[in-house]
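Spelled out from the first residue to the last, the chains are:
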Amino acid sequence: MKTLAIMRRDLLKLRRNPLTLISTILMPIIYLVIIGNSFQGQLKHLPVVLVAQDHGEYARRMVEQMLALQAGPKTINLSFMADPGDAIAAVRDGRFKGAVVIPPNFSHNVAEGRLAEIGLFTDNVDSVSASAIEGVLADAAQSIRISFVTAREPKLNQIVLRPSWLFQYVDYDRSLIPGVIVMAIFMGSLMSGVFNWVMDKFMGMTECYLVTPLSRWNIAAGILGSGVTITSIAGIVVLFLGLLITGGRIQGGVPALVTLIAIIVITSTGLLAMTFAILGRASHPRLVGTFAGFLNVILFFPSGAIYPIESFPPWLKAFARYNPETHSVSAIKSILFKGADLNAVTGDITFLIIFMAVTLALASISFKRTL
Amino acid sequence: MEPVSAAIQTRDLTKQFGGFTAVDSVSFEVRRGEVFGLLGPNGAGKTTLVRMLTTLLPPTSGKAIVAGQDVGRHPTRVRERIGVIPQALTSDLDLTGWENIDIYGEFYDVPRRQRHQRARRLLEMVGLRERANDLVATYSGGMRRRLEIARGLIHSPEVLFLDEPTIGLDPQSRRAVWDLLETLRKESEITISLTTHYMDEAEQLCDRIAIVDHGKIIALDTPSGLKRMVEGADRVDLEIEGDTKAIAEMLKQEPYLREVELDGASRLTLGADDGPHVVPKIIDRVESAGAKVASISVHRLSLEDVFIRFTGRSLRDEPAKKVSFLVGAGMPQSRS
């Protein structure tokens, strides 16, 4: 009976806290949809650019194989360029995951039974995509050898895919560093900003702020300032710890470090303002806790921190495009691993600055100087 | 309104929440340097009244002037001139006592040197000088409350609002807070508004007391003045040897007695305005009638008796508080 009484008490409390029930039932479904779609097994729609400098028989066969990859398993989205330099530059600045170059004398070399190489230049910072592209294109080259062997064919086993990495080697552990930094920023922004505020409100402590001459702006700017400081320090510490553990270093020296710190500060400010805009008026820390977990999942997993966003279904890809964490991860990856300069991340930083401005405006509207 | 000389002045101050009137056309004045008590049952409207006076809630109508400034028109000026000690313990547990006071002083732009001088003096006054550099998390409830009183004084406010300052404290801590407020009253010209449920506290500390009920001030006077408003409230219990009924009939004729009731075969219960002074008269009268007083005792009217006389014995059903549908009863929205 006593045990039943405890059970009854807890069940009654649960029934009167629908948020707990909703989050228990709904959150796993949402998490499953988001996480499930973020890790879909076989990669798809990886953007690859092809430079076919040879238009002979065997080059044509290779192009057909690649078009078949696009049409069938949809592993790649194929684009064409004329100049190998442009194609490699496009991979460097993140527009494509890989560039395939079929050299001018490819078909001739095949016909002559000489070594015939196909060049593949991958964005190896995204090691998951790079491996996938390398795998499917190696299979494609293999297919030429197998599918077209006849008595009259020359020695097709001389066709070779020659992969090259455009950036220094980044192992899987190191490739996670940008994601870990962004997650640290998110957690820091939440715990140092809106959670503190709502907890103070819940404990009745904001009352002692509100009876002082502190203006709404004083309070908001003070909380934002401390939050950004703590969160940025957390992000920077995680950056160095990550590099220390994985044995990496920052490509690009001091200017790159300054750019990274700027990205961390802008991301921190944007996420702090976002959580304030959404949760600043919550009356109970439970609300913050529940939504924090939800926001973390829906922002982190579709950010490209672990899995390439190109493989997401269209709806999730569209979301990822407007996800601030996507741009933060992308910018940090570019600076940290690719040694990219500020120009290469202008798009991401511009997005983050606009996001920060919009969320600051929304937070200022949402934040009231009331009990 | 008349030119302001009072520390607090209200005229028809009203606060409504939807259809519910929490404070209903309240008008009163608190003189400078006065300790003014607000007494009332739960849900009477005290907290709402104080929240309006401390700028936390805008009045629905009426006017309030605090420390010479209009609460509705110049809330920031009011905030600069008042100190508030809320009912909840609001000192930061993760900061030291010193840091709590120092940071609070910065909210008021008190210059650093002045702030530190005042903080030292105030910590001394509240008996926390030795513990100033300890985390507040290590303080007892009484120490936290004393610290918060010191914190509320860091900017030398003209008016100090205290909301249930001794609630939940042990008797020693309560006495310490009382002593502190007594010291403040003696040594400064600060005006103190004290909301409390403790009648002994109100009687001990307050120059005048307003009894609030149903959103209105139903009585306002000094503690002794409030007692005088209740006629025949001192109770005299009398045990006599003799004809009790005849004595009772005789005493009913005495002008200094308000009530005479038989209480058993030999006991009488009498109501009087001034119990101690009528005792000799009662004894003389009883003995002159040939009876003998076996025992007599006087129960003086307490402030609590006065409070109950004014507000009644019935328990109040407070208006239903809003409870979040989503998060349940974690944090009901207070509006009393």
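Residues numbered from 1 in each chain as written. Chains lettered and ligands numbered in written order. Predicted model: local features only at pLDDT ≥ 70, side-chain atom pairs only at ≥ 80, totals over all residues.

**A short note on the overall build of chain A**
- Within chain A, the secondary structure is distributed over 15 helices and 5 strands.
- In terms of overall dimensions, chain A has C-alpha extents of about 90 × 60 × 35 Å along its principal axes.
- Here chain A holds 371 residues, and the buried ones make up 43% of them.
- Here the contacts in chain A between residues at least 6 apart in sequence split such that 79% fall between residues at least 24 apart. (Helix = DSSP H or I, 4+ residues; strand = E, 2+ residues; numbered from the N terminus. Buried ≥ 20, exposed ≤ 12 C-beta atoms within 10 Å, placed from the backbone. Contact = placed C-beta atoms within 7 Å.)

**Let's talk about the overall build of chain B**
- From N to C terminus, chain B includes 11 helices and 16 strands.
- In terms of overall dimensions, chain B has a C-alpha envelope of 80 × 50 × 50 Å along the principal axes.
- Looking at chain B as a whole, 40% of its 336 residues are labelled buried.

**Comments concerning the interface of chain A and chain B**
- The interface of chain A with chain B comprises 20 residues on the first partner and 20 residues on the second.
- Elements with a minimum of two residues in the side of chain A that touches chain B: helix H2 (18-38), helix H9 (207-210) and helix H12 (285-300) of chain A.
- The leading source of residues in the side of chain A that touches chain B is H9(A), at 3 residues.
- Tallied by class, residues from the side of chain A that touches chain B come to 12 nonpolar, 5 polar and 3 charged. (Nonpolar A, V, L, I, M, F, W, Y, C, P; charged D, E, K, R; others polar.)

**Section: the domain arrangement of chain A**
Residues and elements named next belong to chain A.
- Domain annotation of chain A identifies domain 1 (46-165) and domain 2 (172-366).
- The partner domain 2 presents 11 residues to the 10 residues of domain 1 that form the contact.
- Those elements giving two or more residues to the side of domain 1 that touches domain 2 turn out to be strand S1 (46-52) and helix H6 (127-147).
- Ranked by the residues each element gives to the side of domain 1 that touches domain 2, the list is headed by H6, at 3 residues.
- Looking at the side of domain 1 that touches domain 2 residue by residue, the class counts come to 4 nonpolar, 3 polar and 3 charged. (Domains from an automatic or database assignment.)

**Considerations on the sheet that holds strand S2 (residues 76-80) of chain A**
Residue and element names in this part refer to chain A.
- Spatial strand order, S2-S1-S3-S4-S5: 5 strands in an open sheet with mixed pairing. Strand pairing shows two members of the sheet lacking a second neighbour, S2 and strand S5 (159-165), which therefore form its edges. For this sheet, the mean inter-axis angle between neighbouring strands, taken without regard to orientation, is 25 degrees.
- The pairing of S1 with strand S3 (residues 98-102) spans 5 bridges and is parallel. Bridge pairing in S3 links Ala 52 to Ile 102.
- Across the face of the sheet, helix H3 (residues 57-71) comes into contact with S1, S2, S3 and strand S4 (116-122) while running at roughly 135 degrees to S2.
- Packing of helix H4 (residues 84-92) onto the sheet brings it into contact with S1, S3 and S4, and relative to S3 it is tilted by some 165 degrees. (Pairing = 2+ DSSP bridges. Axes fitted to C-alpha atoms, helices over the stretch in contact; angles between N-to-C directions.)

**Quick look at the sheet that holds strand S2 (residues 20-30) of chain B**
All names here are of chain B.
- If you trace the 4 strands from one edge of the open sheet to the other, you get S2-S1-S4-S5, paired in antiparallel fashion. The strands lining the two open edges of the sheet, one partner per strand, are S2 and strand S5 (69-70).
- Relative to S2, strand S1 (residues 8-17) runs antiparallel, the two sharing 7 bridges. Within S2, the position partnered with Gln 9 by the bridge is Glu 29.
- Strands in contact with helix H1 (residues 46-53) are S1, S2 and strand S4 (61-66); relative to S2, the strand with the most contacts, it is inclined by about 60 degrees.

**Some points on the environment of Gly347(A)**
Residue and element names in this part refer to chain A.
- Summarising the element assignment, Gly 347 is placed in helix H15 (residues 346-366).
- Gly 347 gets classed as partly exposed once you count the C-beta atoms within 10 Å, which come to 14.
- The sequence separation of Gly 347 and Ala 331 amounts to 16 residues, and the corresponding C-alpha distance is 8.8 Å.

**Re the domain arrangement of chain B**
- Along its sequence, chain B is organised into domain 1 (8-227) and domain 2 (231-300).
- A C-alpha centroid distance of 45 Å is found between domain 1 of chain B and domain 2 of chain B.

**A look at the nonpolar core**
- Leu53(B), Val66(B) and Phe161(B) are the most contacted members of the largest nonpolar core, which has 71 residues in total.
- If we ignore the near neighbours within four places in the chain, the residues touching Phe161(B) are Val50(B), Leu53(B), Thr54(B), Ile82(B), Val84(B), Ile85(B) and Ser193(B).
- Counting residues in each nonpolar core, the second largest holds 54 residues, with Val182(A), Leu224(A), Ile264(A) and Ala292(A) among its members. (Core = buried A, V, L, I, M, F, W, Y, C linked by C-beta atoms within 7 Å.)

**Structural notes on the packing of helix H11 (residues 253-279) of chain A against helix H14 (residues 324-338) of chain A**
Residues and elements named next belong to chain A.
- It is the contact of H11 with H14, at a shortest axis distance of 10 Å, that shows an interaxial angle of 170 degrees. With respect to each other, H11 and H14 are oriented roughly antiparallel. Judged by residue contacts, Ala 256, Thr 259, Leu 260, Ile 263, Thr 267, Gly 270 and Leu 271 of H11 engage Pro 324, Ser 328, Ala 331, Ile 332, Ile 335 and Leu 336 from H14. (Parallel < 35°, antiparallel > 145°, perpendicular 65-115°, else oblique.)

**So, the confidence of the model for chain B**
All names here are of chain B.
- The predicted model of chain B averages 88 in pLDDT, with 91% of residues at 70 or higher.
- Within the model, pLDDT remains below 50 along residues 331-336, and this stretch shows 20 contacts once partners closer than five positions in the same chain are excluded.
- The ipTM assigned to the predicted complex is 0.80, against a pTM of 0.78. (pLDDT = per-residue confidence, 0-100.)

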